[in-house]
Every structure is written in structure tokens, then in C-alpha cells.
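# Fold and geometry: a report
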Amino acid sequence: MKIERLLPGLAGIVFLAVIPLLPVPPFWLTILNNIGLASLVTIGLVLLTGVGGLTSFGQAAFCGFGAYTTAVLSTNYGVSPWLTLPLSLIVGAAIALPLGLITVRLSGHFLPLGTIAWGLALYYLFGKIDLLGRYDGISGIPPVEVAGYRFLSDGSIYYLIWFFVIAVAIGAKNLLDSRIGRGIRALRGGGQAAEAFGVNIVRAKLTVFVFAGVVAALSGWLYAHMQRSVNPTPFGLSMGIEYLLMAVVGGSGHVWGAIFGASIVLVLKDLLQRFLPDLVGTTANFEMVVFGILLVVTLQLARDGLWPFVLKLLPKRRARPLPTSDDKLAKRTLAPAGSSLIKVEKARKAFGGLVAVNDVSFEVRAGQVVGLIGPNGAGKSTTFNLITGIASLTSGSVFYEGRPMTGDSPREVAKHGIARTFQHAKILPDMSVLENVALGAHLRGSAGVFRSFLRLERKQEATLLAEAAYQLERVGLGAYRDRPAGDLALGQIRILEIARALSADPAVVLLDEPAAGLRHGEKQELATLLKKLREEGVSVLLVEHDMGFVMGLVDHLVVLDFGTLIAEGKPADVRKHPAVVAAYLGGVA
Amino acid sequence: MIATFLIQDGVTNGAIYALLGLALVLLFSVTRVIFIPQGEFVAYGALTLALLDGGKVPATISLLVCFGAIAFLFDLWSMRRGADARAFLRSVALNLVLPGAIYGITVMLAPLGLPSVAKALLTILIITPMGAYVYRIAYRPLADASVLVLLIASVGVHLAMMGLGLVFFGAEGLRANPLADDNFNIGSLMVSAQSLCIYGATIAIIIGLYLFFERTLLGKALRATAVNRLGARLVGVRTHLTGVTAFTLAAAIGAVSGVLIGPITTIYYDTGFLIGLKGFVAAIIGGLASFPITAIAAIGVGLVESFSSFFASSYKEVIVFGLIIPVLIWLSLSHGFHEEE
């Protein structure tokens, strides 16, 4: 890694390190410590809310679990704080896991609503339990010790807190910049595309939820040893809401924005608590009103928070050079040409009374390009969805290499080696073109959360990115590699989806109207690419409207009309088929 | 005997939660807003009624005038690139004249010692327009946002409204006089007239909502918006109008709930939130979609609360809010995986 890339970070660390050595007022250190503690929780929320598209108002309760775990163990049982640290984190994870399991399967808004309810319930619970000292809490918690040195003063625990903040922030950045991270970032776009390439959506959601719970518990552990006492108040719902405010204000998609947001909110809170009572003449905690308005105004005017504005002021970083990789990813052995690959047998899909696909049977053989055509509403896309597991069959079955795959989820279908594009392109506009394509290679990597967090998967990641870059060059989008995918034109996005499908190393690619929006020259290039795939032994099933494009390309043509198969065979024969002519031109043939 | 008392208590509170739950389902289905601050309308309503009982001019009217003025500024801002005179006049009438008139009426009537029904109606009159202003100020600029963003915004609105409640009403709790003092004996059961009012109002509002949605054009427009926002716009439904309508209705229901609950329990500036959340538990059981299930679930929440406050009083809140966990498990198992739009 180049030293210039590390320079801003190192400067930041040095700056943070010298603050306590300067003659600053003591309350500055108190605020900075609180900012550090809040930043930890907020980083978790950023991953959950801004990146994963979920949210929680109950993170303060997870702080409570971390804090009470160490408080009880270190006061009642004299366990060393260093031993309670892993225990606190495990308790945080152990609480987050079941709570996550029951909510992540529901649509997005049930999780936050659930967190409001248990945020309240747990606050009351903390205040009722004798072991936890009821509402008085637990005091006399020992400080953290390293080799006889006790972290007692604000100035010393400061280093401990900010060490963890920086470590967690870097870890979170690492996690997002990995195979697992791409899956997490895909959640926000609905996750359908990610699932079609083998990302386990439920697991990705659980991962961020548990991560957020664990870092909140870490913050709680630090809080307990900083404050040396705990009581239920800082773990109530209002703190939980404040943490979310920090994430929103800072910029809910940015890890560094979390620290920024925590700083803004806590400094503002301090100022309000000191100056507002004189200003309005009441002692009422008026900051609630200000925070509420701040939250709504931020969402109205800067939905991505304030961090992007800071980023604009900073000099732009150059795109990271692509890591080089000598390893090649293993390739799938393809079935011998002519053997049955996908076999659809009497597939039927009814939406209520409407039969969208009516007992359709056809076959895709290895090494074939098969076209699926028909007028609008003929059931072509529905057939695609039946094969890829997005829609469930009403009756009939689908086989892959002779084995039934009826009822398989999109993720299992992807594992068979079936990759697809979507009629309405599903890309992640904020991610770079390269990352979008690399999402396709998800199943070809194996690194998990921990290796990604510690950046131990760089070698594998490099091969995945190299593969993605190769597929991009192959489809002719190499020049756009580092641009956000949202910058591309519609036709290019369709090609991007093809590159993504190819990086999955598929046995079959299912292309849903790949030529729509392409210019004539681009269509010819696409046809050349598909022919080349056929030579390599990859099969293609495509839905297309452009007859000229289809006729010159496919080996076998299947024609649907009103959900029913009306003709199939060689393109030249099908073209003359009376039912096909009637369906396309209308009237009596 | 204790059981019948607990049941009566539970059903009475449950009826209030039902009103809140219905308002929440109404708002969510029409505007996709998960309206956390619904409870604040309840607290505002109860506190306003209590202040009117004391012959005082409630601070809520100043709040109403402020809300109206801010909404007017928002309208002005969105009209900055040319506006037609009609829209301007409509904005002046709705945002400045209406709250001003309510302010005047209240200042005149408050010291007169009105009959309790008149005070209740005046309270509802004061609170109801706030719904429209809250929509205009907080939610209309976010109309295109996701459910999640709207939910986070709701929490902001809740904080602001609760804080304003503290500023305007102070930290002390107030209790209103009951609408009617009498008690009836039905067999061995003693029923207060106030609980009868609550049952009556709840049933009337449920029937009213049913008729509104089934029989009126505006109600049908609201349902259309709920099903498909874009589609409704294409056939000429003004979706902003449906948003205003839904919020106004919700504020009115909140005010009614406040007037009903004010006399049976002491209300503080932050009580509304807890009451509102219990309505939420019911609304979530109804999947934020079903009116009848929400109403029945609300009665259930009321019963659980009254029984747990008797048998395990210190764990009352833990039990009521913990109730949501099994509900979510059940929803998770019965609905399976939901794809976000």
C-alpha cells in the first residue's frame, strides 16, 4: 500500500493522540470520551441503517447489556475487566442474534418498531432486577488495568476509548470493502439481484445487526469502566434515539460520518444544556425539541447526512489501483454439449384467476443459445422467474441436469451455475461498476466476516476483483471500471448486468431483453459475445423482442403467447409457423 | 369480583388503544408514515381539556398558531417561483385565518365555564388542525422517501412535539374532569359513565371510519392512494390532499382519545408516548394493515396490561412491551420473507 494513502489517517491519529497532552479544559476530554463511546454505537448503526437499510432505536439497550455484564462480574465476582470484555461482547451478540432472527425476515419497518418496544421494555427490566441494583444501579466498578497502570483519569481512558473507536472504524471499512460487504451493501437496493448471485440476504442482515449489537456492547463495557458505575438511564430509549440521530446527521452511509455525527450531536447537546436555560428562561430540557427538528430537517435537506459535504471539501482521492493477482479462480466443468441442462416441464403459474404461464415445456441443452420470444404479456419474464426461483410454480417442475430444482430459492439456483440479468436492471448505483460486477462472483469466494474485518482475505479478494475486471474488459466496459454504476447509460447497465452474470462462472446465462436500449453496433458486439460464449460451452437462454437479433443468433426458438407455448424449433421454421405469424401480425394468417 | 373489575379496566384502556391503533393503521396505509407522535395528540388533547376545566386558556392555542405560521412559511417557500392567487389565499385561510379564529374563540370561551361537552368539542377543534400542519411541515417534503426514512422522521417529530409539550404545559401532570360523573350498576358490576363514553366513542369512530372509507369519494381516494400511490395520481387523486386528510383524521382521533382518557388518569407531557406505543403494539399485531384485528388486539393489550398491573405490577411495562416479541415471531413465521419494494 502506498504511504500517501495512509497519510490522512496517520495525521488524524497523531492529532487525536496529542489532544490530552495540550492544555485543554478538562470538560473537553469528557466530551471527547463521550463522543468516542457514542461513535462506537453509531458506527454499528451506520452499517445497519445507511448501508444495510435496516434500523434500530434500541442500540442503547445493547450498551446496557455490555455495561451490566462487566459491572456485575467485576464487582460481585472480582473478575478482571479484560476477562469481562469478551464476555460483554458475547452477551451483546447473544441478545442480538435471536432478536435479529425474529425480525430480519419481516419487512424493514418491523425491526425498528420492535426495537422501540424492547428498548423500553429492557430499560424497565434493568431497573427492576435486584442483581443489577434496580434503578440505583451498580457502583464501585474497578478501572481497567494494564501492567499495573490504572486507567482512572479522563485523560488516560481517552486513549483506550479512541483506540477501540479507530480499530472498529477501520474494521468496519474493511468489512464493507469485501465480498461480505458487497452483499451487505446490496441489501439497500432490495437484495433481489444479490440473492440471484448467491448472497444469503437473511444472513447478511443478521450479520450487520449482530455487528451493531456487539460494538454497542463494547461501548457499554468502556462506559462502565470509565464511569465506574452504571444505572439504567443511559440505556433507555431516548439514548437509543439520540444514537440514531447521530447516524442520520453524520451521514448514514459513511463510517467516518458516524464519528462526525456523534461529535456534532454531543457538542450541540453540551452547548444547548449550558446556554439554552438562560436563553429561554426555563430549565426544561429544551434540547429535545432542537434534536427533533434537527432530525427532520436533516432528512428533508440532506438525506445522506452532512459527511458528504465534508467529503466535497477534502481533496478527491484517486481511485485505488486494481490489486494484481497471479491466481486464477477455479472454473466450473461444463456439461458435454447436447446434454440436457435446463428442462421445464408443464410449468404453470397462476396469479389468482390469471394464468400467466400455462403448462409450458421446453429444454435448454448444453452449448445451445435458446431464444424465448412472444408478444408483450406472453409470460416470458414470468417463465424466467420460475426457473430462477424468484416466483414459485403453481404446478409442473423444472429440472437442472436431470435433477429437479423445483422450489429451490434464487440462491440455490445460483449455486447450480445459473446466472441471470433482469428486465428492469437491478444494479447498485452507488457502488462502482467493478464492485457491481464483483458481486456476481460472490459464490466463487469464501472469506467470512472475521477474515474480512481483519483484512486477511486480500489475496482472495484480489482474484475476485481481477475476475470482475476481466469480465468488464470482455464486454467492453473496462473504461468505466471505477465510475459509480449509476453514471452509466441504460444500454451500458444492461451490459454491466451481463458482465456480472459472467463473473459467476455460469453454466447457463439467462438474459432478459439484453439488447433493449442498445444501438445497432452495440447489438452486433453483444451477438458476437454471445456466440463466443457458445463456443466456450456456456449455454444461453434469452428473452428478446428484436427479431433480427434473435434470428441470426439462436439455435432453438420457443414462442409463447398468452402464457401458452405456440411453437418451437429452428428459427427458420418457426418464422413460417402460422400461429407465430398470427400472434405477431394479428388477424388470420 | 376482582376479575370483572380488571376486565372492565382493561377493556376501557383497550378501547383507547384501539382508537390509537386505528389511527396508526389509517396513516400507514395511506401515507406509509409510521406515526410515532400519535400519542402526543392524545397528551395535547387531555392537557388542553384539563386546562379548560380549570378555566384557563390552554397553551395549545399558541402552539396551533405557531404550527400554522410555520406551515404558511413552507407554503410560501414552495410558491417562491410564481403562484396563483387561489393557492395563496387557500394557504392564508388554512394556515393563518383558521388558527387565528380558533385562538380568538378559545380566549373568549375559556373563562366562561362551559359545559363539559362543549369543552371537549373545543379541545378537539384546537387539536385537529395540527394534524394537517404536522403533515405539511414534516412529511410533505419527504413524500417520496422510503418507509424507513419516514419512520426516522417520525421519531424526530415525536421528540419535537414532546419537547414542545414540556415547554408549553410544564412537567406537572394534569387530570381533567369526567364528561359525566354518574355510575351505573349493571348487575353486580359498577360502570362509570366515563367508560360508557369511551366505549360509545370508540364504536362510533370505528363505524364512522367504515362509512367514510366505503361510502365517500374522499374515503375511496384514500384507499386508492393506499393501494397504489402513483396509480391514484394518474387517475386524478391529489395524493397530497389524501395525506392532509389522513393526518387531520388521525389528529382528530388523537384529540378524542385525549378527551376520553384525560379524566381517568393523570396525564403528563410524556404520557402520550407510552399510550401511543401500546396502540402500536396493537397495530403491529394487525400487521399495520388490518383495522378489525388492530381493534381486537388493542382490547387484548388493555387486558394484559390491567391483569399484569394487578399480578406483577412492577413488571407491567416490561410485559406489555415484551408482548411484541412473540407477536413478531408469529408474524415472521406466518408471513415469511418480505421483499421490499
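What this report covers is the structure whose coordinates are included nearby. Please read these numbers as outputs of a predicted model, since none were measured by experiment.

## Notes on the packing of helix 2 (residues 38-53) of chain B against helix 10 (residues 239-261) of chain B
All names here are of chain B. At a minimum axis distance of 7 Å, the contact between helix 2 and helix 10 shows a crossing angle of 50°. One finds that helix 2 runs oblique with respect to helix 10. Between helix 2 and helix 10 the crossing geometry is right-handed. Counted together, Gln38, Phe41, Val42, Gly45, Ala46 and Leu49 of helix 2 and Ala250, Ala251, Ile253, Gly254, Ala255, Ser257, Gly258, Val259 and Ile261 of helix 10 form the full contact between these two elements. The residue inventory of the contact of helix 2 with helix 10, partitioned by class, reads 10 nonpolar, 5 polar and no charged.

## A few points about the side chain of Asn436 of chain A
Here Asn436 of chain A is to be found in helix 16 (residues 433-440). Other than its neighbours up to four places away in sequence, Asn436 of chain A contacts Ile427, Leu428, Met431, Ala485, Leu496 and Arg500 of chain A.

## Things to note about the interface of chain A and chain B
Taken together, the contact between chain A and chain B spans 50 residues of the former and 51 residues of the latter. Here chain A and chain B share an interface that buries about 4200 Å² over both sides, 80% of which is from carbon and sulfur atoms. Our count for the contact surface shared by chain A and chain B stands at 1 salt bridge. When the shortest N-O distance is used, the salt bridge between Arg303 of chain A and Asp144 of chain B registers 3.5 Å. One can count 2 residue pairs in polar contact (both at pLDDT 80 or more) joining chain A with chain B. Those elements that provide at least two residues to the side of chain A that touches chain B are helix 4 (81-103), helix 5 (110-126), helix 9 (201-227), helix 10 (237-250) and helix 12 (287-301) of chain A.

## Some remarks on the packing of aromatic side chains
Two numbers describe a pair of aromatic rings. These are the distance of the centres and the angle of the planes. All names here are of chain A. Inspection of every chain in the model, using the stated rule, returns 27 aromatic pairs over all chains. Ring geometry for Phe65 and Phe126: centres 5.5 Å apart, planes at 70°, overall edge-to-face. Of this pair, Phe65 sits in helix 3 (residues 59-76) while Phe126 sits in helix 5, and the two are 61 residues apart along the sequence. Ring plane angle 80° and centroid distance 6.3 Å describe the contact between Phe164 and Trp221, whose orientation is recorded as edge-to-face. Here Trp221 lies in helix 9 and Phe164 lies in helix 6 (residues 154-176), a separation of 57 residues in the sequence. Each member of the pair, Phe164 as well as Trp221, carries the same accessibility label: buried. One residue, Arg420, lies across the ring of Phe422, its end atom 4.3 Å from the ring centre.

## Examining the packing of helix 3 (residues 60-78) of chain B against helix 4 (residues 85-109) of chain B
Residues and elements named next belong to chain B. At a minimum axis distance of 9 Å, the contact between helix 3 and helix 4 shows a crossing angle of 170°. In terms of their interaxial angle, helix 3 and helix 4 are classed as roughly antiparallel. Between helix 3, through Ile61, Ser62, Leu64, Val65, Gly68, Ala69, Ala71, Phe72, Asp75 and Leu76, and helix 4, the contact on the second element is made entirely by Phe88, Ser91, Val92, Asn95, Leu96, Pro99, Ile102, Tyr103, Thr106 and Val107. The class makeup of the residues in the contact of helix 3 with helix 4 is 14 nonpolar, 5 polar and 1 charged.

## Observations concerning the sheet that holds strand 9 (residues 403-404) of chain A
Residues and elements named next belong to chain A. Read from one edge to the other, the open sheet built from 4 strands follows the order 6-5-8-9, with strand pairing classed as antiparallel. Bordering the open sheet on either side are strand 6 (354-365) and strand 9, each of which pairs with just one other strand. Pairing geometry for strand 5 (residues 340-351) and strand 6, over 8 bridges, is antiparallel. Paired with Ala350 across the bridge in strand 6 is Val355.

## Focus: unusual backbone geometry
A positive phi angle, near 55°, is found at Asp505 of chain A, a position not held by glycine. Here Asp505 of chain A lies in the loop between helix 19 (490-502) and strand 11 (508-512). In the Ramachandran plot, Arg32 of chain B falls in the positive-phi region, its phi being about 65° despite a non-glycine side chain. Mapped onto the secondary structure, Arg32 of chain B falls in the loop between helix 1 (2-31) and helix 2.

## Focus: the pattern of salt bridges
Residue and element names in this part refer to chain A. For the structure shown, the criterion picks out 25 salt bridges over all chains. Here Glu497 makes a salt bridge to Arg500, at a shortest N to O gap of 2.8 Å. Here the residue Glu497 and the residue Arg500 both occupy positions in helix 19, the gap between them amounting to 3 residues, near one helical turn. Of the residues examined, Glu497 reaches a relative accessible area of 1% and is grouped as buried. The exposure class of Arg500 is buried, given its relative accessible area of 2%. In this structure, Asp555 and Arg534 form a salt bridge, with 2.7 Å as the shortest nitrogen-oxygen distance.

## Quick notes on a positive patch on the surface
Together, Arg86, Arg90, Arg140 and Arg238 of chain B make up a positively charged patch on the protein surface. With respect to the helices and strands, Arg238 of chain B occurs in the loop between helix 9 (229-234) and helix 10.

## Quick look at the nonpolar core
Counting residues in hydrophobic clusters, the biggest one holds 210 residues, and the most contacted among them are Val230 of chain A together with Tyr139 of chain B. Ranked by residues supplied to this core, first place goes to helix 9 of chain A with 15 residues. Residues within four places of Val230 of chain A in sequence aside, it is in contact with Ala67, Tyr68, Ala71, Asp136, Gly137, Ile138, Ile141, Tyr223, Ala224 and Phe235 of chain A.

## Topic: the sheet that holds strand 7 (residues 369-373) of chain A
Residue and element names in this part refer to chain A. If you walk across this open sheet you meet the 6 strands as 10-11-12-7-13-14, and the pairing is mixed. Unpaired on one side and paired on the other, strand 10 (418-420) and strand 14 (564-569) mark the two borders of the sheet. Adjacent strand axes in the sheet meet at a mean angle of 15° when their direction is disregarded. Where strand 10 meets strand 11, 3 bridges bridge the pair, whose relative direction is parallel. Each bridged residue has a counterpart across the sheet, and for Ile418 the counterpart in strand 11 is Val508.

## A word on helix 2 of chain B
All names here are of chain B. Across its 16 residues, helix 2 extends 23 Å between first and last C-alpha, which sits within 8% of the 22 Å expected from 1.5 Å per residue. The buried count for helix 2 comes to 16 of 16 residues, which makes it a mostly enclosed element. Phi for Gly55, located one or two positions after helix 2, is positive at around 75°.

## Considering the environment of Ser339 of chain A
Residues and elements named next belong to chain A. With respect to the helices and strands, the residue Ser339 is situated in the loop between helix 13 (307-313) and strand 5. Sequence separation between Ser339 and Gly353 is 14 residues; the distance between their C-alpha atoms is 37 Å. Residues in contact with Ser339, not counting those within four places in the same chain, are Arg365 and Ala366. There is a polar contact of 2.9 Å between the side chain of Ser339 and the backbone oxygen of Pro336.

## Here we look at a nonpolar patch on the surface
All names here are of chain A. A cluster of nonpolar side chains, contributed by Val14, Val18, Leu21, Leu22 and Tyr159, occupies part of the molecular surface with about 460 Å² of accessible area. Topologically, Val18 is positioned in helix 1 (residues 3-18). The class of Val18 is partly exposed, set by a relative accessible area of 33%.

## Some thoughts on the pairing of strand 12 (residues 539-543) of chain A
Residues and elements named next belong to chain A. The buried fraction of strand 12 amounts to 5 of the 5 residues, a majority that puts the element mostly inside the structure. Burial of strand 12 is two-sided: the residues Ser539, Leu541 and Val543 facing one way and the residues Val540 and Leu542 facing the other way are all buried. As defined by bridge partners, strand 7 adjoins strand 12 across 4 bridges and the pair is classed as parallel. Counted as the bridge partner of Val370 is Leu541 from strand 12. With 5 bridges joining them, strand 11 and strand 12 adopt parallel strand pairing. Along strand 12, the bridge assignment pairs Val509 with Val540. Since strand 11 and strand 12 lie parallel, the crossover through helix 20 (residues 520-535) that links them has a hand, and here it is right-handed.

Rules behind the numbers
Residues numbered from 1 in each chain as written. Chains lettered and ligands numbered in written order. Predicted model: local features only at pLDDT ≥ 70, side-chain atom pairs only at ≥ 80, totals over all residues. Heavy atoms only, no water. Axes fitted to C-alpha atoms, helices over the stretch in contact; angles between N-to-C directions. Helix = DSSP H or I, 4+ residues; strand = E, 2+ residues; numbered from the N terminus. Parallel < 35°, antiparallel > 145°, perpendicular 65-115°, else oblique. Left-handed = near helix turned anticlockwise from the far one by under 90°. Contact = heavy atoms within 4.5 Å. Nonpolar A, V, L, I, M, F, W, Y, C, P; charged D, E, K, R; others polar. Buried area = accessible area lost by both parts, 1.4 Å probe. Salt bridge = Lys/Arg side-chain N within 4 Å of Asp/Glu carboxyl O. Polar contact = N/O pair within 3.5 Å; in protein donor to acceptor, adjacent residues only side chain to side chain. Phe/Tyr/Trp six-rings, centres within 6.5 Å; stacked < 30°, edge-to-face > 60°. Buried < 20%, exposed > 50% of the residue type's maximum accessible area, 1.4 Å probe, protein only. Lys NZ or Arg CZ within 6 Å of the ring centre and 35° of its normal. Pairing = 2+ DSSP bridges. Patch = residues over 30% accessible without salt bridge, like charges linked within 9 Å, V, L, I, M, F, W, Y side chains within 5 Å. Areas by Shrake-Rupley, 256 points an atom, 1.4 Å probe, with all protein chains shown as cover. Lys, Arg positive; Asp, Glu negative; His and termini not counted. Charge placed at Lys NZ, Arg CZ, Asp CG, Glu CD. Core = buried A, V, L, I, M, F, W, Y, C linked by side-chain atoms within 4.5 Å. Expected span 1.5 Å × (residues − 1). Right-handed = clockwise from strand over helix to strand, strands pointing away.

Spatial relationships are all this shows, so hold off on functional conclusions.
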